Amino acid sequence: MMQGVGLMVIDPRMNAGIDVRHARGLQIPEAGIWLDPPRPKPWALVSHAHSDHFARHDYTICSSPTMALIHARYGEPKNGELQPVEFGQSVKKDNFSIRLHPAGHILGSAMIHLTRHADGATLLYTGDFKLRDSLTCERAEPVRADTLVMETTFGLPRFRFPPRDEVIADVHRFIFETLNAGKVPVLLGYSLGKAQEILAMLDGIGVPIMAHESIVKMSAVFRQFGRVLPMHDLLDPERAAGHVVVAPPQTAKALCAKMPCRTALLSGWALEKSAKYRYGVDEAFPLSDHADHDELLQLIEQVRPRVVYTVHGYTTEFAADLRRRVIEAWSLVDNDQLELQLERA
Ligand SMILES: [Zn+2]
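Thresholds applied
- Here the residue numbering is sequential within each chain, running from 1 through the sequence in written order.
- Reporting in this predicted model follows two pLDDT cut-offs: at least 70 for local features of residues, and 80 or more for side-chain atom pairs to be given and counted; totals over whole chains, interfaces and linings ignore these cut-offs and use all residues.
- Hydrogens and water molecules were not included; the side-chain quantities draw on all heavy atoms of the structure.
- Secondary structure elements follow DSSP: runs of H or I of four or more residues count as helices, runs of E of two or more count as strands, with numbering from the N terminus.
- Values of the radius of gyration come from C-alpha atoms, whereas the globule rule sets the reference at 2.2 Å times the count of residues to the power 0.38.
- Think of it in three bands: with a 1.4 Å probe and only protein chains considered, a residue is buried below 20% of the maximum accessible area for its type, exposed above 50%, and partly exposed in between.
- The contact criterion used is simple: two residues touch if any of their non-hydrogen atoms lie within 4.5 Å.
- A residue counts as positive if it is Lys or Arg and as negative if it is Asp or Glu; His and the chain ends are not included.
- Each charge is placed at NZ for Lys, CZ for Arg, CG for Asp and CD for Glu.
- In this description, strands pair whenever DSSP reports at least two bridges between them.
- All axes are obtained by fitting lines to C-alpha atoms, using only the stretch in contact for helices, and the reported angles, taken between N-to-C directions, cover 0 to 180 degrees.
- It is the directions from the helix axis to the C-beta atoms that the arc portrays.
- Reported orientations rely on four angle classes, namely roughly parallel under 35 degrees, roughly antiparallel over 145, roughly perpendicular from 65 to 115, and oblique for the rest.
- Helix crossings get a hand from a simple test, with the near helix turned counterclockwise from the far one by less than a right angle marking a left-handed crossing and a clockwise turn marking a right-handed one.
- Under this grouping Gly is polar, as are all residues other than the nonpolar Ala, Val, Leu, Ile, Met, Phe, Trp, Tyr, Cys and Pro and the charged Asp, Glu, Lys and Arg.
- A donor here means any N, O or S atom no more than 2.8 Å from the metal (3.2 Å for Na, K and Ca); water is not included, so a site may seem to lack partners.
- Four donors are marked tetrahedral only if all angles between them lie between 85 and 135 degrees, whereas four are marked square planar and six octahedral if opposite donors are more than 155 degrees apart and the other angles lie between 65 and 115; the remainder are marked irregular.
- Nonpolar core, defined: a set of buried Ala, Val, Leu, Ile, Met, Phe, Trp, Tyr and Cys residues in which side-chain atoms within 4.5 Å join the residues together.
- Method remark: on a 1 Å grid restricted to protein atoms, a set of points is classed as a cavity if a 1.4 Å probe fits but cannot get out and as a pocket if it is open with protein on both sides within 12 Å along at least five of seven lines; lining residues have an atom within 4 Å of a point.
- Grid points are joined across faces, edges and corners, and a volume is the space filled by probe spheres set on the points.
- In this document the domain limits rely on a domain assignment from an automatic tool or a database.
- The term buried area refers to how much accessible surface (probe radius 1.4 Å) is lost by two components on association, counted for both of them together.
- Criterion for a salt bridge: a side-chain nitrogen of Lys or Arg within 4 Å of a carboxyl oxygen of Asp or Glu.
- In protein, a polar contact means a hydrogen-donor-capable atom and an acceptor-capable atom, both N or O and within 3.5 Å, with residues adjacent in sequence counting only if both atoms are side-chain atoms; elsewhere, any N or O pair within 3.5 Å suffices.

Next up on the list: the overall build of the chain. Summing up its helical and strand segments, the chain has eight helices and 19 strands in all. On C-alpha atoms alone, the chain measures out to a radius of gyration of 21 Å, which is about the 20 Å that the 2.2 N^0.38 rule sets for 345 residues. Each of the three principal axes of the chain carries a C-alpha extent, and together these read 85 × 45 × 30 Å. Counting across all 345 residues of the chain, residues that qualify as buried make up 57%. Long-range pairs, those at least 24 residues apart, make up 59% of the contacts in the chain with a sequence separation of at least 6. Charge-centre separation for the chain: the mean point of 38 positive side chains lies 2 Å from the mean point of 42 negative side chains.

A word on the sheet that holds strand 13 (residues 209-211). The strand order 14-13-15-12-16-17 describes an open sheet built from six strands, whose pairing is parallel. Edge strands, defined here as strands with exactly one partner in the open sheet, are strand 14 (233-234) and strand 17 (283-285). In the packing of helix 2 (residues 164-180) onto the sheet, contacts are made with strand 12 (184-188), strand 15 (244-247), strand 16 (261-266) and strand 17, and the angle to strand 12 comes to roughly 150°. Across the sheet, helix 4 (residues 213-224) touches strand 13, strand 14 and strand 15, and the angle it forms with strand 13 is around 100°.

The periodicity of an α-helix, 3.6 residues per turn, causes residues three or four positions apart to be oriented the same way. Within helix 8 (residues 315-324) the residues assigned to the buried category are Thr 315, Phe 318, Ala 319, Asp 321 and Leu 322. Each buried residue of helix 8 sits inside an arc of 155° when the element is viewed along its axis, so together they form one side. Elements in contact with the buried residues of helix 8: strand 11 (147-152), helix 7 (293-303), strand 18 (307-313) and strand 19 (329-331). Directly beyond the C-terminal end of helix 8, a positive phi value near 60° is found at Val 326.

For the rest of this paragraph, the subject is the packing of helix 7 against helix 8. Running from amino to carboxyl end, helix 7 crosses helix 8 at an angle of 55°, the nearest separation of the two axes being 12 Å. Comparing the axis directions of helix 7 and helix 8 gives the class oblique. Judged by the sense of rotation from one axis to the other, the crossing of helix 7 with helix 8 is right-handed. The segment helix 7 lies against helix 8, with His 293, Leu 296, Leu 297 and Ile 300 engaging Phe 318, Asp 321 and Leu 322. Looking at the contact of helix 7 with helix 8 residue by residue, the class counts come to five nonpolar, one polar and one charged.

Our next topic: the coordination of the zinc ion. Taken together, His 48 (NE2), His 50 (ND1), His 105 (NE2) and Asp 128 (OD) make up the protein donors of the zinc ion, found 2.2 to 2.3 Å from the metal. Bound by four donor atoms, the zinc ion shows angles of 92 to 165° at the metal and therefore irregular coordination geometry. Within one chain, the residues donating to the zinc ion are spaced in sequence as H-x1-H-x54-H-x22-D. Taken together, the residues His 50 in the loop between strand 4 (43-45) and strand 5 (59-63) and Asp 128 in the loop between strand 10 (122-125) and strand 11 connect sequence positions 78 residues apart. Of the residues examined, Asp 128 reaches a relative accessible area of 1% and is grouped as buried.

Turning next to the environment of Asp 52. Mapped onto the fold, Asp 52 is located in the loop between strand 4 and strand 5. Through-space distance from the C-alpha of Asp 52 to that of Ala 118 is 33 Å; in sequence the pair is 66 residues apart.

Here we take up the nonpolar core. Note on soluble globular proteins: their nonpolar side chains tend to be buried together. In this structure, Leu 69, Val 171, Ile 175, Leu 187, Leu 202, Val 246 and Leu 266 are the most contacted members of the largest nonpolar core, which totals 39 residues. Aside from chain neighbours lying at most four places away, what touches Ile 175 is Pro 185, Leu 187, Leu 202, Ile 205 and Val 244. Core analysis: the second largest hydrophobic core is formed by 26 residues, Ile 18, Leu 26, Leu 45 and Val 149 among them.

Size it by volume and the second largest pocket reaches roughly 210 Å³. Lining the second largest pocket are 20 residues; nearest its centre among them are Lys 130, Arg 132, Arg 164, Leu 287 and Ser 288. Going through the elements one at a time, helix 2 and helix 3 (194-201) are the ones with two or more residues in the lining of the second largest pocket. Counting contributing residues per domain, the lining of the second largest pocket is built from domain 1 (21-158 + 290-331) and domain 2 (164-285), each supplying no fewer than three.

What follows deals with the domain arrangement of the chain. What the domain assignment reports for the chain is domain 1 (21-158 + 290-331) and domain 2 (164-285). Taking only C-alpha atoms into account, the centre of domain 1 sits 29 Å from that of domain 2. Buried surface at the junction of domain 1 and domain 2, summed over both partners, amounts to about 1,800 Å²; 67% is from carbon and sulfur atoms. If you sort the residues of domain 1 by the area they bury against domain 2, Arg 73, Leu 135 and Thr 136 come out on top, with a joint share of 33%. At the surface where domain 1 touches domain 2, the tally comes to two salt bridges. Put simply, Arg 227 and Glu 138 hold a salt bridge, and the shortest N to O gap is 3.8 Å. At the surface where domain 1 touches domain 2, the tally comes to eight residue pairs in polar contact (both at pLDDT 80 or more). Considering only residue class, the side of domain 1 that touches domain 2 consists of ten nonpolar, six polar and four charged.

The following block contains the structure:
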């Protein structure tokens, strides 16, 4: 009879690699580092400037564009320290080296790579990311790591985005049909990232553009970092006839009370058949700044991790999918439910 084989609980999250925990935010305990914590912490790495990834910490490292976007959106810090680093630049923290690599999600968005000096163990945290080309942000540059912590917003096989050119053609058609019907086409996307991608899609179509003030404010930072956006005026519903309007989703109702318009949501959730009704819009087009299911798998091929932890969206489903492919994978946020947050920024 075998001796000593009793009840032994093995925590799959403990491994020879860098230990990562999720307790109201991602934490690397041995490094004293938090990754995108939603509450203030002493020492944080912030992947990008969307509000669900940012809080006022004592000390924050982020990319230069992220710092500029944070300042433009949330104001200058009172006493918080934001330390910008360039992509690829190495920063030391205790026994770790930290590097940021472009994540392809919005301007300045970064994947965060950690290397433990003692044994060379590595970890990559993707933050929000996509691998497809963008009109307004850096192309993603995933790097190899032993441990991969990844977002899985669209972590089901049914989420597969069509080529961008097809989406752009559909959006242009919507604009001209709406103008021909004597109404104002209103394109809805959150004001940081998606709205600038929409603006870039409108370059050269020959229709004057108006944008909500929150978008105009963010666009100025994009231009500061060399992104080319077509001219757009501050939105004035009184003068909007003959224009195409770009606005955040939560402003649609008030806008349409002031002018005859047709609304179109630009979001990855447009792949869901119910999207138009769920969001109360006339049209919905699948333009996302997140990875689709194929890109999630593609990322894993590029990073070649020993273990994968999932943190947003369909975490349990995608992790189970990976285990069927004989890749060790676990959700760090069990019971994490699909969040249909249109306005994160
Ligand atoms: Zn984001």
